[in-house]
Amino acid sequence: VSCKEAETTSKGSVNYDKVREAIVKVIEVDDNIAPAMLRLAWHSSGSYDKKTNTGGSDGATMRFSPEKDYAANAGLFRARDALEPVKKQFPEITYADLWTLAGAVAVEEMGGPKVAWRPGRRDAVSGQECPPDGRLPDADKGTLSGTVQHIRDIFYRMGFNDQEIVALVGAHAVGHTHKQFSGYDGPWTRAPTTFSNELFRELLENKWTLRKWNGPDMFEDPTGEIIMLPTDMALTWDKEFRKYVETYAADQDRFFEDFAKAFQKLEELGVKAFQEEAKKKRGWFS
Ligand code: DDH
């Protein structure tokens, strides 16, 4: 079986507005699932490598081992499982389209910007196409310079610049870290189901200290109620990153606009159908 034949693509007449409504219903049952959906979309897309044009949301390979068992993806079964009834209800949509659409819908439902989204991703049929482990960022590389360099290595590999990196990490305004999944513990903001520029404001407005505990190094505010990962703090310690932290802390509209663009780009990295369409548009093959 050739690669082409082994793939499945969203067929014909999926009513994507109806799929959106079904995703919203899932979020209405438990709004803590929205941040997990956003993270599922990010982790399925963020495995992209520009040089080899591999990884990314196309294929929805996180359904398979080894990718679903990578440490970075711990806990994402919550979002995958929550979306399973939607897939059952609309069997023609691919998982790859469903997961990325759910990311966009989650952002919107939490009060964030509208993220442009289009269908066309295919589903792989086995784990053979899984990207290698290690393509998603670690939250800590031991030193400030090592951590800053790591963030750039990971996101430049996907094709992002410093401004886009800071905008994307603004997603940590929502959701929690979970001791049982990542070893970290707590939310970044006091409104973890509201998409806003609050991550940037909290980063700049608090005095952050290392939490004294026997878990991994992380930072907490004076109340100990909200937290930052070393990679989040690094955005304020690096001069280039900090510029954008300050811009977004002062201007939520600008953050929303830049996040929506960067997130759409993230969700479309490496999608073969979109790449072919872009080539045709350039006229080389017509
Ligand atoms: Fe993240 N993230 N993330 N993150 N992330 C975690 C949770 C969530 C890093 C590490 C962690 C992005 C970037 C980074 C979300 C969205 C995004 C957790 C906790 C860790 C650890 C997981 C757990 O315990 O359940 C690191 C490191 C980076 C980095 O850039 C260096 C980006 C770019 C996004 C995005 O969406 C664009 C969301 C949402 C969550 C909350 C999930 C939940 O279940 O709640």
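Residue positions are counted from 1 within each chain, in the order its sequence is given. Reporting of local features is limited, given that this is a predicted model, to residues whose pLDDT is at least 70; pairs of side-chain atoms are given and counted only at 80 or more, and all residues count toward the totals for whole chains, interfaces and linings. The side-chain quantities take in all heavy atoms of the structure and omit both hydrogens and water.

Student: Run through the overall build of the protein, naming residues and quoting values.
Tutor: Under the scheme used here, helices are H or I runs from DSSP no shorter than 4 residues and strands are E runs no shorter than 2 residues, and both carry numbers assigned from the N terminus. Looking only at helices and strands, one finds 13 helices and seven strands in the protein. The C-alpha radius of gyration computed for the protein amounts to 19 Å, which stays within 12% of the reference 19 Å derived for 286 residues, consistent with globular compactness. Over its C-alpha atoms, taken along the principal directions, the protein stretches across nearly 55 × 45 × 35 Å. Exposure classes here rest on a 1.4 Å probe applied to the protein chains alone. A residue is buried below 20% of its type maximum, exposed above 50%, and partly exposed in between. The 286 residues of the protein split such that 53% are buried. The method behind every accessible area is Shrake-Rupley, applied with a 1.4 Å probe, and residues are considered shielded solely by the protein chains displayed. Split by element, the accessible area of the protein, about 13,400 Å² in all, is 51% carbon and sulfur. Averaging the coordinates of the 39 positive side-chain charges in the protein and doing the same for the 45 negative ones gives two points 4 Å apart. For this measure, only C-alpha atoms enter the radius of gyration; the expected value for a globule follows 2.2 Å times N^0.38, where N is the number of residues. As used throughout, the charge tally considers Lys and Arg to be positive and Asp and Glu to be negative, leaving His and the chain termini uncounted. Just so you know, the charge point we use is NZ for Lys, CZ for Arg, CG for Asp and CD for Glu.

Student: Account for the coordination of the iron atom of the ligand, with residues named and values stated.
Tutor: Donor atoms: N, O and S within 2.8 Å of the metal, or within 3.2 Å for Na, K and Ca. Because water is excluded, sites can look incomplete. Here the protein supplies the iron atom of the ligand with just one donor, H172 (NE2), and that contact is 2.1 Å long. Topologically, H172 is positioned in the loop between α7 (162-169) and β3 (176-177).

Student: So, the sheet that holds strand β6 (residues 219-220): which residues are in play, and what are the values?
Tutor: Strands sit in the order β5-β6-β7 across an open sheet of three strands; the sheet is antiparallel. Since the sheet does not close on itself, it has two edges, and those belong to β5 (209-210) and β7 (227-228), each with one partner. Strands pair, by our definition, only if DSSP identifies at least two bridges between them. With two bridges connecting them, β5 and β6 associate as antiparallel partners. When the bridges of β6 are listed, T209 appears paired with E220.

Student: I'd love a proper account of the pattern of salt bridges, names of residues and values included.
Tutor: Here, a salt bridge means any side-chain nitrogen of Lys or Arg that lies within 4 Å of a carboxyl oxygen of Asp or Glu. Scanning the model with the defined rule gives 21 salt bridges in all. Close ionic contact of R122 with D58 constitutes a salt bridge, the shortest N to O distance being 3.2 Å. You can see R122 sitting in strand β2 (residues 122-123) and its partner D58 sitting in the loop between α3 (33-45) and α4 (77-89), a full 64 residues away along the chain. By relative accessible area, R122 is classed as buried at 8%.

Student: An account of the side chain of R152 is requested, with residue identities and associated values reported.
Tutor: Relative to the helices and strands, R152 resides in helix α6 (residues 144-158). When its relative accessible area of 14% is taken as the criterion, R152 is described as buried. Within polar-contact distance, the side chain of R152 engages the side chain of D238 at 2.7 Å. We call two residues in contact whenever any of their non-hydrogen atoms come within 4.5 Å of each other. Excluding residues that lie within four positions of it along the chain, R152 makes contacts with R157, D162, I165, D238, E240 and F241. Throughout this description, a polar contact denotes any pair of N or O atoms lying within 3.5 Å of each other; where both atoms belong to protein, one of them has to be capable of donating a hydrogen while the other can accept it, and for residues adjacent in sequence the pair is counted only when both atoms sit in side chains.

Student: Provide a residue-level description of the site of the ligand, including the pertinent values.
Tutor: If a single non-hydrogen atom of a residue is within 4 Å of a molecule or strand, that residue counts as near it. Taken together, the neighbourhood of the ligand is formed by 25 residues, with R78, H172, H176, H178 and S182 sitting nearest. The separation between a nitrogen atom of the ligand and a polar side-chain atom of W42 is 3.2 Å. Between an oxygen atom of the ligand and a main-chain N or O atom of H176, the distance comes to 2.9 Å. Contributing elements (two or more residues each) for the shell around the ligand: α3, α7, β3 and α8 (179-182). Gly is put with the polar residues, along with every residue not named as nonpolar or charged; the nonpolar set is Ala, Val, Leu, Ile, Met, Phe, Trp, Tyr, Cys and Pro, and the charged set is Asp, Glu, Lys and Arg. Of the residues in the shell around the ligand, the class split is 15 nonpolar, seven polar and three charged. Both domains that meet at the shell around the ligand, namely domain 1 (3-135 + 264-282) and domain 2 (144-250), each give it at least three residues. By convention here, the domain bounds are inherited from an automatic or database domain assignment.

Student: Any details on helix α9 (residues 198-205)? Residues and values, ideally.
Tutor: Residues of α9 that are buried include every one of E198, L199, F200, E202 and L203, and no others. The inward-facing, buried residues of α9 abut α7, β7, α10 (230-237), α11 (239-250) and α12 (252-268).

Function cannot be read off these values alone, since they describe shape.
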